[in-house]
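# Chains, contacts and geometry: an overview
So you can see what is in the structure, the chains are spelled out below.
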Amino acid sequence: MDPRQLQLDDAGRLKHFLTTDGLDRALLTEILDRAEGFLSVARQAVKKVPLCRGKIIANIFFENSTRTRTTFELAAKRLSADVLNVNISTSATAKGETLLDTLRNLQAMNVDMFVVRHADSGAAQFIAEHAAPFVSVINAGDGSYAHPTQGMLDMFTIRRHKGAFEPLVAVIVGDVLHSRVARSQIGALRTLGAAEVRVVAPRTLIPAEAEDALGVRVFADLASGVRDADVIILLRLQRERMNGAFLPSEHEYFHLFGLTEARIAQAKPDAIVMHPGPINRGVEMDSGIADGPRSVILEQVSNGLAVRMAVMSMCIGTQNLALAQAARGGELGETVADSEQDGGLTHG
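Residues numbered from 1 in each chain as written. Predicted model: local features only at pLDDT ≥ 70, side-chain atom pairs only at ≥ 80, totals over all residues. Heavy atoms only, no water.

### Quick word on the overall build of the chain
- The secondary structure content of the chain amounts to 14 helices and nine strands.
- Here the contacts in the chain between residues at least 6 apart in sequence split such that 73% fall between residues at least 24 apart.
- Surface summary for the chain: the accessible area is close to 14800 Å², and the carbon and sulfur share equals 49%. (Helix = DSSP H or I, 4+ residues; strand = E, 2+ residues; numbered from the N terminus. Contact = heavy atoms within 4.5 Å. Areas by Shrake-Rupley, 256 points an atom, 1.4 Å probe, with all protein chains shown as cover.)

Given below as C-alpha coordinates:
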(Lines give C-alpha, C1' and ligand atoms only; values in the text may rest on other atoms or scores of the structure.)
Protein backbone atom coordinates (compact mmCIF):
# COMPACT_ATOMS: atom_id res chain seq x y z
CA MET A 1 0.00 0.00 0.00
CA ASP A 2 1.15 3.55 -0.74
CA PRO A 3 2.33 5.00 2.62
CA ARG A 4 0.77 8.33 1.67
CA GLN A 5 -2.66 6.69 1.65
CA LEU A 6 -1.97 4.44 4.61
CA GLN A 7 -1.18 7.25 7.04
CA LEU A 8 -4.46 9.17 6.60
CA ASP A 9 -8.02 8.17 7.48
CA ASP A 10 -10.97 8.62 5.12
CA ALA A 11 -11.40 12.24 6.25
CA GLY A 12 -7.73 13.11 5.64
CA ARG A 13 -6.77 13.11 9.33
CA LEU A 14 -3.38 11.79 10.47
CA LYS A 15 -3.64 8.13 11.54
CA HIS A 16 0.03 7.12 11.18
CA PHE A 17 3.07 9.31 10.54
CA LEU A 18 5.39 7.42 8.20
CA THR A 19 6.70 10.05 5.78
CA THR A 20 6.28 13.72 4.88
CA ASP A 21 5.91 12.74 1.21
CA GLY A 22 2.39 13.06 -0.09
CA LEU A 23 1.05 15.07 2.85
CA ASP A 24 -0.38 18.40 1.79
CA ARG A 25 0.66 21.82 2.98
CA ALA A 26 -2.40 22.24 5.19
CA LEU A 27 -1.62 19.10 7.19
CA LEU A 28 2.08 19.94 7.63
CA THR A 29 1.07 23.43 8.74
CA GLU A 30 -1.39 21.92 11.23
CA ILE A 31 1.47 19.94 12.78
CA LEU A 32 3.57 23.11 13.07
CA ASP A 33 0.68 25.13 14.52
CA ARG A 34 -0.14 22.47 17.08
CA ALA A 35 3.53 22.21 18.08
CA GLU A 36 3.51 25.96 18.71
CA GLY A 37 0.87 25.42 21.37
CA PHE A 38 2.91 22.69 23.08
CA LEU A 39 6.02 24.84 23.55
CA SER A 40 4.52 26.44 26.64
CA VAL A 41 4.09 23.06 28.37
CA ALA A 42 7.80 23.00 29.21
CA ARG A 43 7.40 26.27 31.11
CA GLN A 44 4.50 25.07 33.25
CA ALA A 45 4.89 24.04 36.88
CA VAL A 46 3.32 20.69 35.98
CA LYS A 47 4.73 19.76 32.59
CA LYS A 48 1.83 17.56 31.51
CA VAL A 49 -1.41 17.72 29.54
CA PRO A 50 -4.03 14.93 29.62
CA LEU A 51 -4.47 14.40 25.86
CA CYS A 52 -3.12 10.82 25.88
CA ARG A 53 -4.14 9.83 29.40
CA GLY A 54 -4.83 6.10 29.57
CA LYS A 55 -2.96 5.37 26.33
CA ILE A 56 0.00 2.99 26.09
CA ILE A 57 2.79 4.07 23.74
CA ALA A 58 5.58 1.60 22.93
CA ASN A 59 9.01 2.76 21.77
CA ILE A 60 10.42 -0.06 19.63
CA PHE A 61 13.96 0.85 18.61
CA PHE A 62 15.88 -1.72 16.57
CA GLU A 63 18.67 0.87 16.17
CA ASN A 64 20.42 2.73 18.97
CA SER A 65 19.37 6.35 19.44
CA THR A 66 19.57 8.21 22.71
CA ARG A 67 18.25 11.59 21.60
CA THR A 68 15.31 10.44 19.46
CA ARG A 69 14.15 7.74 21.86
CA THR A 70 14.33 9.98 24.93
CA THR A 71 12.49 12.85 23.23
CA PHE A 72 9.72 10.49 22.12
CA GLU A 73 9.53 9.08 25.63
CA LEU A 74 9.38 12.51 27.24
CA ALA A 75 6.83 13.75 24.68
CA ALA A 76 4.56 10.77 25.45
CA LYS A 77 4.88 11.32 29.20
CA ARG A 78 4.05 15.02 28.83
CA LEU A 79 0.88 13.91 27.06
CA SER A 80 0.16 11.71 30.15
CA ALA A 81 0.59 8.42 28.28
CA ASP A 82 2.05 5.27 29.78
CA VAL A 83 5.34 4.48 28.01
CA LEU A 84 6.78 1.06 27.26
CA ASN A 85 10.43 0.96 26.10
CA VAL A 86 11.23 -2.33 24.38
CA ASN A 87 14.88 -3.35 24.66
CA ILE A 88 15.35 -5.07 21.32
CA SER A 89 18.85 -6.35 22.09
CA THR A 90 17.44 -8.54 24.89
CA SER A 91 14.01 -9.20 23.41
CA ALA A 92 12.75 -12.28 21.61
CA THR A 93 13.67 -10.75 18.23
CA ALA A 94 17.30 -11.40 19.11
CA LYS A 95 16.34 -15.06 19.51
CA GLY A 96 14.71 -15.37 16.11
CA GLU A 97 11.24 -13.91 16.66
CA THR A 98 9.99 -12.05 13.60
CA LEU A 99 8.99 -8.41 13.46
CA LEU A 100 5.38 -9.48 12.98
CA ASP A 101 5.52 -11.75 16.04
CA THR A 102 6.82 -8.85 18.13
CA LEU A 103 4.02 -6.62 16.85
CA ARG A 104 1.32 -9.17 17.68
CA ASN A 105 2.64 -9.77 21.18
CA LEU A 106 2.67 -6.06 21.96
CA GLN A 107 -0.80 -5.62 20.52
CA ALA A 108 -1.97 -8.39 22.85
CA MET A 109 -0.96 -6.02 25.68
CA ASN A 110 -3.37 -3.40 24.24
CA VAL A 111 -0.65 -1.00 23.10
CA ASP A 112 -2.22 2.03 21.37
CA MET A 113 0.79 3.43 19.48
CA PHE A 114 4.12 2.15 18.22
CA VAL A 115 7.10 4.46 17.74
CA VAL A 116 9.44 2.48 15.50
CA ARG A 117 13.08 2.88 14.49
CA HIS A 118 14.57 0.23 12.24
CA ALA A 119 17.61 -0.23 10.01
CA ASP A 120 15.47 -1.43 7.08
CA SER A 121 13.61 1.02 4.86
CA GLY A 122 9.88 0.32 4.94
CA ALA A 123 9.82 -1.34 8.39
CA ALA A 124 7.48 1.29 9.87
CA GLN A 125 5.12 0.95 6.92
CA PHE A 126 5.15 -2.84 7.30
CA ILE A 127 4.11 -2.50 10.94
CA ALA A 128 1.39 0.04 10.05
CA GLU A 129 0.00 -2.30 7.39
CA HIS A 130 -0.26 -5.16 9.89
CA ALA A 131 -1.28 -3.18 12.97
CA ALA A 132 -4.74 -3.54 14.50
CA PRO A 133 -7.36 -1.02 13.27
CA PHE A 134 -7.14 1.24 16.33
CA VAL A 135 -3.34 1.31 16.66
CA SER A 136 -1.17 4.16 15.33
CA VAL A 137 2.44 3.94 14.11
CA ILE A 138 5.03 6.72 14.05
CA ASN A 139 8.20 6.30 12.04
CA ALA A 140 11.23 7.32 14.14
CA GLY A 141 13.58 6.58 11.25
CA ASP A 142 13.73 3.61 8.88
CA GLY A 143 16.83 2.78 6.85
CA SER A 144 17.60 5.51 4.33
CA TYR A 145 13.92 6.19 3.65
CA ALA A 146 12.38 8.68 6.08
CA HIS A 147 12.56 10.35 9.48
CA PRO A 148 9.43 12.51 9.36
CA THR A 149 9.36 13.92 12.90
CA GLN A 150 12.98 15.08 12.52
CA GLY A 151 12.03 16.72 9.24
CA MET A 152 9.09 18.48 10.88
CA LEU A 153 11.00 19.68 13.92
CA ASP A 154 13.48 21.19 11.49
CA MET A 155 10.62 22.92 9.65
CA PHE A 156 9.29 24.16 12.99
CA THR A 157 12.70 25.60 13.90
CA ILE A 158 12.99 27.29 10.50
CA ARG A 159 9.52 28.83 10.75
CA ARG A 160 10.19 30.22 14.21
CA HIS A 161 13.29 32.00 12.93
CA LYS A 162 12.26 32.90 9.39
CA GLY A 163 8.47 33.08 9.34
CA ALA A 164 7.21 32.31 5.84
CA PHE A 165 8.87 29.58 3.78
CA GLU A 166 8.20 31.13 0.37
CA PRO A 167 11.26 33.46 0.20
CA LEU A 168 13.74 30.96 1.59
CA VAL A 169 16.80 29.38 0.02
CA ALA A 170 17.53 26.23 2.05
CA VAL A 171 20.78 24.32 1.60
CA ILE A 172 21.38 20.73 2.73
CA VAL A 173 25.04 19.76 2.95
CA GLY A 174 26.46 16.27 3.33
CA ASP A 175 25.52 12.64 2.92
CA VAL A 176 22.21 13.03 1.09
CA LEU A 177 22.51 9.57 -0.48
CA HIS A 178 22.20 7.69 2.82
CA SER A 179 20.22 10.24 4.84
CA ARG A 180 16.58 9.55 5.76
CA VAL A 181 16.53 12.99 7.41
CA ALA A 182 17.45 14.72 4.14
CA ARG A 183 14.58 13.07 2.28
CA SER A 184 12.08 14.17 4.91
CA GLN A 185 13.51 17.70 4.98
CA ILE A 186 13.42 18.06 1.19
CA GLY A 187 9.85 16.80 0.95
CA ALA A 188 8.64 19.12 3.70
CA LEU A 189 10.51 22.18 2.37
CA ARG A 190 9.04 21.72 -1.09
CA THR A 191 5.51 21.16 0.22
CA LEU A 192 5.72 24.22 2.48
CA GLY A 193 6.77 26.36 -0.48
CA ALA A 194 10.49 27.12 -0.03
CA ALA A 195 11.75 29.17 -2.97
CA GLU A 196 14.76 26.93 -3.58
CA VAL A 197 16.18 23.75 -2.07
CA ARG A 198 19.84 22.96 -2.77
CA VAL A 199 22.00 19.98 -1.91
CA VAL A 200 25.78 20.17 -1.66
CA ALA A 201 27.96 17.06 -1.43
CA PRO A 202 30.56 14.99 -3.24
CA ARG A 203 29.02 13.34 -6.29
CA THR A 204 29.39 9.96 -4.57
CA LEU A 205 26.99 11.10 -1.82
CA ILE A 206 24.21 12.48 -4.02
CA PRO A 207 21.45 10.19 -5.38
CA ALA A 208 21.39 9.62 -9.12
CA GLU A 209 19.28 12.17 -11.00
CA ALA A 210 18.66 14.03 -7.74
CA GLU A 211 17.55 17.23 -9.46
CA ASP A 212 14.60 15.50 -11.13
CA ALA A 213 13.92 12.86 -8.48
CA LEU A 214 14.08 15.19 -5.45
CA GLY A 215 13.36 18.56 -7.05
CA VAL A 216 16.57 20.18 -5.82
CA ARG A 217 19.56 22.05 -7.26
CA VAL A 218 22.81 20.13 -6.94
CA PHE A 219 26.16 21.75 -6.13
CA ALA A 220 29.57 20.14 -5.83
CA ASP A 221 31.19 23.27 -4.35
CA LEU A 222 30.23 24.43 -0.86
CA ALA A 223 31.02 28.13 -1.32
CA SER A 224 28.74 28.30 -4.38
CA GLY A 225 26.08 26.15 -2.75
CA VAL A 226 25.66 28.32 0.35
CA ARG A 227 25.79 31.65 -1.49
CA ASP A 228 22.82 33.82 -0.38
CA ALA A 229 21.38 30.95 1.68
CA ASP A 230 18.84 31.59 4.45
CA VAL A 231 19.12 28.14 6.03
CA ILE A 232 22.08 25.75 6.05
CA ILE A 233 21.40 22.18 7.23
CA LEU A 234 24.44 19.97 7.76
CA LEU A 235 24.18 16.18 7.72
CA ARG A 236 26.25 13.56 9.49
CA LEU A 237 28.25 11.17 7.34
CA GLN A 238 26.33 7.88 7.56
CA ARG A 239 29.38 5.61 7.83
CA GLU A 240 27.25 2.68 9.03
CA ARG A 241 25.32 2.72 5.73
CA MET A 242 28.30 3.12 3.40
CA ASN A 243 29.26 -0.11 1.66
CA GLY A 244 32.36 0.97 -0.20
CA ALA A 245 34.76 3.88 -0.61
CA PHE A 246 32.49 6.91 -0.86
CA LEU A 247 35.11 9.29 0.56
CA PRO A 248 38.91 9.34 0.67
CA SER A 249 38.91 10.46 4.34
CA GLU A 250 37.01 12.59 6.85
CA HIS A 251 39.90 15.05 6.80
CA GLU A 252 39.51 15.47 3.04
CA TYR A 253 35.75 15.83 3.42
CA PHE A 254 36.15 18.67 5.92
CA HIS A 255 38.72 20.35 3.68
CA LEU A 256 36.19 20.47 0.82
CA PHE A 257 32.75 20.45 2.48
CA GLY A 258 33.17 21.38 6.15
CA LEU A 259 31.42 24.60 7.15
CA THR A 260 33.84 27.26 8.35
CA GLU A 261 33.58 30.97 9.08
CA ALA A 262 35.10 31.73 5.69
CA ARG A 263 32.56 29.62 3.83
CA ILE A 264 29.51 30.73 5.79
CA ALA A 265 30.38 34.32 4.87
CA GLN A 266 28.87 33.53 1.44
CA ALA A 267 25.44 33.01 3.03
CA LYS A 268 23.06 35.78 4.07
CA PRO A 269 24.08 37.63 7.26
CA ASP A 270 21.10 36.22 9.16
CA ALA A 271 21.43 32.65 7.87
CA ILE A 272 20.87 29.95 10.48
CA VAL A 273 22.85 26.71 10.83
CA MET A 274 21.14 23.41 11.67
CA HIS A 275 22.18 19.80 12.26
CA PRO A 276 20.02 16.78 13.19
CA GLY A 277 22.83 15.42 15.39
CA PRO A 278 25.03 13.99 16.57
CA ILE A 279 27.59 16.52 15.32
CA ASN A 280 31.04 15.42 14.21
CA ARG A 281 33.06 18.54 14.99
CA GLY A 282 35.88 19.08 12.58
CA VAL A 283 34.12 16.95 9.96
CA GLU A 284 30.79 18.63 9.13
CA MET A 285 31.66 21.99 10.70
CA ASP A 286 34.04 23.92 12.90
CA SER A 287 33.25 24.01 16.62
CA GLY A 288 33.02 27.79 16.27
CA ILE A 289 30.07 27.37 13.91
CA ALA A 290 28.37 24.71 16.05
CA ASP A 291 28.55 26.93 19.15
CA GLY A 292 28.23 30.27 17.39
CA PRO A 293 25.38 32.78 17.14
CA ARG A 294 24.02 31.34 13.87
CA SER A 295 23.60 27.84 15.32
CA VAL A 296 20.09 26.75 16.32
CA ILE A 297 21.08 23.12 16.95
CA LEU A 298 20.07 23.03 20.62
CA GLU A 299 16.76 24.69 19.74
CA GLN A 300 16.12 21.80 17.37
CA VAL A 301 16.35 19.41 20.31
CA SER A 302 13.91 21.46 22.39
CA ASN A 303 11.54 21.88 19.45
CA GLY A 304 11.59 18.13 18.87
CA LEU A 305 9.54 17.61 22.03
CA ALA A 306 6.80 19.98 20.89
CA VAL A 307 6.63 18.52 17.38
CA ARG A 308 6.51 14.94 18.60
CA MET A 309 3.79 15.86 21.08
CA ALA A 310 1.86 17.43 18.20
CA VAL A 311 2.15 14.35 15.96
CA MET A 312 1.29 11.93 18.77
CA SER A 313 -1.74 13.95 19.85
CA MET A 314 -3.02 14.22 16.27
CA CYS A 315 -2.72 10.46 15.69
CA ILE A 316 -4.36 9.67 19.03
CA GLY A 317 -7.13 12.16 18.28
CA THR A 318 -7.87 10.38 14.99
CA GLN A 319 -7.77 7.06 16.82
CA ASN A 320 -10.24 8.31 19.45
CA LEU A 321 -12.67 9.47 16.78
CA ALA A 322 -12.50 6.05 15.09
CA LEU A 323 -13.06 4.30 18.41
CA ALA A 324 -16.02 6.51 19.21
CA GLN A 325 -17.58 5.88 15.79
CA ALA A 326 -17.05 2.13 16.20
CA ALA A 327 -18.63 2.27 19.66
CA ARG A 328 -21.69 4.06 18.32
CA GLY A 329 -21.94 1.37 15.67
CA GLY A 330 -21.85 -1.31 18.34
CA GLU A 331 -18.53 -2.76 17.18
CA LEU A 332 -16.73 -2.34 20.48
CA GLY A 333 -19.62 -2.65 22.87
CA GLU A 334 -19.85 -1.23 26.34
CA THR A 335 -16.09 -1.16 27.08
CA VAL A 336 -15.38 1.79 24.80
CA ALA A 337 -18.60 3.56 25.71
CA ASP A 338 -17.66 3.36 29.39
CA SER A 339 -14.15 4.65 28.71
CA GLU A 340 -15.58 7.66 26.84
CA GLN A 341 -17.67 8.51 29.92
CA ASP A 342 -14.51 8.30 32.03
CA GLY A 343 -12.93 10.99 29.86
CA GLY A 344 -10.35 8.89 27.99
CA LEU A 345 -10.46 6.07 25.47
CA THR A 346 -8.14 3.30 26.59
CA HIS A 347 -8.82 0.45 24.20
CA GLY A 348 -5.77 -0.68 22.16
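### A look at the sheet that holds strand E9 (residues 272-274)
- The strand order across the open sheet built from five strands is E7-E6-E5-E8-E9, with neighbouring strands paired in parallel fashion. At either margin of the open sheet sits one strand with a lone partner, and together these are strand E7 (217-219) and E9. Across the sheet, the mean angle separating the axes of adjacent strands is 20° when strand polarity is ignored.
- The pairing of strand E5 (residues 169-173) with strand E8 (residues 231-234) spans four bridges and is parallel. What sits directly across from Val171, in E8, is Ile232.
- Packing against the sheet, helix H6 (residues 148-162) makes contact with E8 and E9, and its axis sits at approximately 170° to E9. (Pairing = 2+ DSSP bridges. Axes fitted to C-alpha atoms, helices over the stretch in contact; angles between N-to-C directions.)

### Remarks on the confidence of the model for the chain
- Scored by pLDDT, the chain comes out at a mean of 88, with 89% of its residues at no less than 70.
- Confidence drops under pLDDT 50 across residues 240-245; counting only partners more than four residues distant or on other chains, this segment forms nine contacts.
- Under a pLDDT of 50 for its full length, residues 333-348 has, in the predicted model, 28 contacts with residues more than four places off or in other chains. (pLDDT = per-residue confidence, 0-100.)

### Here we look at empty space enclosed by the protein
- Under the definition given, this model contains one cavity of 30 Å³ or more.
- Within this model, the largest cavity holds a volume of roughly 40 Å³.
- Around the largest cavity, the lining residues are Pro3, Leu18, Gly122, Ala124, Gln125, Asn139, Asp142 and Tyr145.
- When contributions to the lining of the largest cavity are tallied by element, the ones reaching two or more residues are helix H5 (123-130) and strand E4 (136-142).
- In terms of residue class, the lining of the largest cavity is built from four nonpolar, three polar and one charged. (1 Å grid on protein atoms, 1.4 Å probe; cavity = no way out; pocket = protein on both sides within 12 Å on 5 of 7 lines; lining within 4 Å. Points joined across faces, edges and corners; volume = space filled by probe spheres on them. Nonpolar A, V, L, I, M, F, W, Y, C, P; charged D, E, K, R; others polar.)

### Notes on the packing of H6 against helix H7 (residues 180-191)
- For the pair H6 and H7, interaxial distance at closest approach is 8 Å and the crossing angle is 50°. It follows from the interaxial angle that H6 and H7 lie oblique. Here H6 and H7 pass one another in a crossing that is right-handed. For the pair formed by H6 and H7, the contact residues are Pro148, Gln150, Gly151, Met152, Asp154, Met155 and Ile158 on the first element and Val181, Ser184, Gln185, Ala188 and Leu189 on the second.
- Of the residues assigned to the contact of H6 with H7, the class counts are seven nonpolar, four polar and one charged. (Parallel < 35°, antiparallel > 145°, perpendicular 65-115°, else oblique. Left-handed = near helix turned anticlockwise from the far one by under 90°.)

### Considering the packing of aromatic side chains
- Taken as a whole, this structure holds one aromatic pair when the rule is applied.
- Directly above the aromatic system of Phe72 lies the positively charged group of Arg308, at a separation of 4.7 Å from the ring centroid. (Phe/Tyr/Trp six-rings, centres within 6.5 Å; stacked < 30°, edge-to-face > 60°. Lys NZ or Arg CZ within 6 Å of the ring centre and 35° of its normal.)

### Re the side chain of Gln7
- The residue Gln7 is located in the loop between helix H1 (3-6) and helix H2 (25-38) in this model.
- Taking the relative accessible area as the measure of exposure, Gln7 reaches 0% and is therefore buried.
- A polar atom in the side chain of Gln7 sits 3.0 Å from the backbone oxygen of Thr19.
- Apart from the residues within four sequence positions on either side, Gln7 is in contact with Arg13, Leu14, Lys15, His16, Phe17, Leu18, Thr19, Asp21 and Leu23. (Buried < 20%, exposed > 50% of the residue type's maximum accessible area, 1.4 Å probe, protein only. Polar contact = N/O pair within 3.5 Å; in protein donor to acceptor, adjacent residues only side chain to side chain.)

### Re the packing of helix H4 (residues 99-107) against H5
- Direction vectors running N to C along H4 and H5 enclose 50°, while the axes themselves pass 11 Å from each other. By the angle between their directions, the pair H4 and H5 is classed as oblique. Seen from above, H4 lies across H5 with right-handed handedness. Where H4 abuts H5, its residues Leu99, Leu100, Leu103 and Gln107 lie against Ala123, Phe126, Ile127 and His130.

### Digging into unusual backbone geometry
- Following Gly277, the chain continues to Pro278 via a peptide bond in cis, the omega torsion being -10°.
- Tracing the backbone shows Pro278 in the loop between E9 and helix H12 (287-290).
- Even without glycine at this site, Ser80 takes up a positive phi of about 75°.
- Unusually for a residue other than glycine, Glu209 sits at a positive phi of about 55°.

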